[in-house]
Amino acid sequence: MLTQVIERARRGEIKIDLDRRQRVRLVKACLGLTQAESANAIAKAIIQAKGRLDSDAIEAVTAEKQQIIRKSGLLEFYASEEQLTGVGGLETLKEWLRKRVRAFGEEARAFGLPEPKGILLVGVQGCGKSLVAKSVANSWRLPLLRLDVGRLFASLVGSSEENLRTAIKVAESIAPVVLWVDEIEKGFSGVGSSNVSDAGTAARVFGSFVTWLQEKKAPVFVIATANSVEHLPPELVRKGRFDEIFFVDLPDAHERTAIWQIHIKKRNRNPEQFDPHTLAMASDGLSGAEIEQAVIAGLYEAFDQGRPLEMSDLLDVLQDTVPLSRMMAEEIDALRTWARQRARRASARVEK
C-alpha cells in the first residue's frame, strides 16, 4: 500500500524524503489501522508538509491511532514532548536505551535480535522514572500508552480479566508501542490477600499480566515504574518478565548540575548566568522533581518583586527546602539495600 501511495505521490510531483528504515517504521506505524485510515493519514501528512512525504508522516499516522485508544477507555494516549537529552544523569540507563533504538526494525530481526520486552524502573520518588518513560517513546518515535491498573478492576464477575485482555489487544494492535505502567506496585498491591478480599480477582488479573509479559510476541515495550519495593510481587521481578531492572537513585553532584541547567533553560533563562555547580552543592539530597520546584519557587519570588531571577533567589529557596531524602531516610536506605543485589544502577557513578 505504501509503495502505491509513493508511486501516486511521485506522479503528482510530491517530493519523497523517506529512506529504507523510515519506510519500515511508517509501515509498522500503520499496523492496527485499516487501509483507508492509513492512506488518509499519509495523505494528511503530505498536505501538512506542503507537498512533501517525509518521516513526519509517522507522527500523522500515530495521531490517527489516538482515536482507537480513546474508544477503549482503558488506556491513555500520551503525546510527550520530552527527549532523553532532557533527562539529567542516568547515563547507564540512557545508553542501554540508545542501543535499542533500532531494535524494532527488520534489520534487527535479520541480525538475530529479538524485540526488547521492557524495563522495570525502581527508585526514589521524583528522580525521573516517569520522565524516562515519556522520553523513550518520543525519542524512539513510538506511541506512548499509559495503563492505569485501577481502571481494569470492575464490579462484575469476569469483567476485570476481560478489561485486561481488551487493553492488551488494543496495545498489540497498534504495536510497535511503548506501554507505561506507572507505580505498578500500587496497582497490584492486593495480590497477596486477593483470595480473601476480592475472591481472587486481583490475583487472576496479575497472573494474566505477568504471563503476557513473559510470552508476548507483539513489539510492545513495557516500562513499569515502582517506588515501594516491599509491595512488589516476587513474580514480577523474576528474570524473563523484563529485559532489565534498573534502580534510579537520588542524583549525585554531577547529575544535579545537569538537572539545574536543564530546568533553568526550560524556564527560558540562560544557565551560564547562574552557577549550576554551586547550586548542585547546595541541593545535596534533593531529587530532580525537588530541583524543578526550587526553580519555580525562585521564579515566583523574582516575579513578585518585579525583577529577573537571581542566584540568591534559588539559594534562599534551597535553605527552606526539606528534601524527601531526609524525611524518608529509612525507606530510601531500605530501597538501596534491596536494589544492591537485585537491580542495575541507572547512573554511571560508582557507588560509595
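Check the entry above for the structure.
For clarity, every value in this text was computed on a predicted model and none was experimentally measured.

Criteria and cut-off values
- Residues numbered from 1 in each chain as written.
- Predicted model: local features only at pLDDT ≥ 70, side-chain atom pairs only at ≥ 80, totals over all residues.
- Heavy atoms only, no water.
- Helix = DSSP H or I, 4+ residues; strand = E, 2+ residues; numbered from the N terminus.
- Buried < 20%, exposed > 50% of the residue type's maximum accessible area, 1.4 Å probe, protein only.
- Contact = heavy atoms within 4.5 Å.
- Axes fitted to C-alpha atoms, helices over the stretch in contact; angles between N-to-C directions.
- Parallel < 35°, antiparallel > 145°, perpendicular 65-115°, else oblique.
- Nonpolar A, V, L, I, M, F, W, Y, C, P; charged D, E, K, R; others polar.
- 1 Å grid on protein atoms, 1.4 Å probe; cavity = no way out; pocket = protein on both sides within 12 Å on 5 of 7 lines; lining within 4 Å.
- Points joined across faces, edges and corners; volume = space filled by probe spheres on them.
- Phe/Tyr/Trp six-rings, centres within 6.5 Å; stacked < 30°, edge-to-face > 60°.
- Core = buried A, V, L, I, M, F, W, Y, C linked by side-chain atoms within 4.5 Å.
- Salt bridge = Lys/Arg side-chain N within 4 Å of Asp/Glu carboxyl O.

Asker: Please give an account of the environment of I14 that cites residues and values.
Answerer: On the secondary structure map, I14 appears in the loop between helix 1 (2-11) and strand 1 (15-16). Since its relative accessible area comes to 22%, I14 is described here as partly exposed. The spacing of I14 and V220 is 206 residues in sequence and 33 Å in space, taken between C-alpha atoms. Leaving out residues up to four positions away in the same chain, I14 has contacts with A9, I46, G51, R52 and L53.

Asker: Describe the packing of helix 1 against helix 2 (residues 20-30), naming the residues involved and giving the relevant values.
Answerer: Axis separation between helix 1 and helix 2 bottoms out at 11 Å; the angle between their running directions is 120 degrees. Overall, the two elements helix 1 and helix 2 adopt an arrangement that is oblique. On helix 2, the residues that touch L2, I6 and R10 of helix 1 are R23, L26 and V27. Its residues assigned to classes, the contact of helix 1 with helix 2 comprises four nonpolar, no polar and two charged.

Asker: Residue-level account of empty space enclosed by the protein, with values.
Answerer: Evaluated as defined, the whole model comprises one cavity of 30 Å³ or more. Considering only enclosed or pocket space, the largest cavity measures out at about 30 Å³ in volume. Lining the largest cavity are L75, L147, L164, A167, I168, A171, L179 and F209. Examining the composition of the lining of the largest cavity, we find that four residues originate from one element, helix 9 (residues 159-173), more than from any other. In the lining of the largest cavity, the residues fall into eight nonpolar, no polar and no charged.

Asker: Lay out the layout of surface pockets in plain terms, naming residues and giving numbers.
Answerer: Over the atoms rolls a probe the size of a water molecule, and its path tells where empty space is left. Here the largest pocket is characterised by a volume of approximately 840 Å³. V101, R102, A103, F104 and G105 are, among the 37 residues lining the largest pocket, the residues nearest its centre. Broken down by secondary-structure element, the contributors of at least two residues to the lining of the largest pocket are helix 2, helix 4 (56-72), helix 6 (106-111) and helix 7 (129-140). A per-element tally of the lining of the largest pocket places helix 2 first, with seven residues. Of the residues contributing to the lining of the largest pocket, the split by class is 16 nonpolar, four polar and 17 charged. Its boundaries defined by the atoms lining it, the second largest pocket holds a volume of some 500 Å³. Forming the boundary of the second largest pocket are 30 residues, of which G126, C127, G128, K129 and L131 lie nearest the centre. Of all the elements in the fold, those that place two or more residues in the lining of the second largest pocket are helix 7, helix 13 (253-266) and helix 15 (288-304). Among the elements that make up the lining of the second largest pocket, the one with the highest residue count is helix 13 (five residues). Of the residues assigned to the lining of the second largest pocket, the class counts are nine nonpolar, 12 polar and nine charged.

Asker: Describe in detail the packing of aromatic side chains, supporting the description with residues and values.
Answerer: Aromatic ring pairs are defined here through the distance separating the ring centres and the angle between the ring planes. Applying the stated rule across the entire model yields four aromatic pairs. Ring geometry for W96 against F246: centres 5.7 Å apart, planes inclined by 75 degrees, an arrangement best described as edge-to-face. Residue W96 is located in helix 5 (residues 91-98), and its partner F246 is located in strand 8 (residues 244-248); the two are separated by 150 residues in the primary sequence. Among the residues examined, W96 registers a relative accessible area of 7% and is labelled buried.

Asker: An account of the nonpolar core is needed here, citing residue identities and associated values.
Answerer: Counting residues in hydrophobic clusters, the biggest one holds 70 residues, and the most contacted among them are L97, I184 and F209. With residues near it in sequence (within four places) discarded, I184 still touches L120, F209, A224, T225, A226, L232 and L236.

Asker: Summarise the pattern of salt bridges; cite the residues concerned and give the values.
Answerer: Side chains that differ in charge, positive against negative, can pair when their charged atoms come close. Applying the stated rule across the entire model yields 21 salt bridges. Between K94 and E91 there is a salt bridge, and its shortest N-O distance comes to 3.5 Å. Of this pair, K94 and E91 are both found in helix 5, three residues apart, which corresponds to roughly one turn of the helix. We classify K94 as buried; its relative accessible area is 15%. Sharing partners across several salt bridges, the network here consists of D249, D333, R336 and R345.

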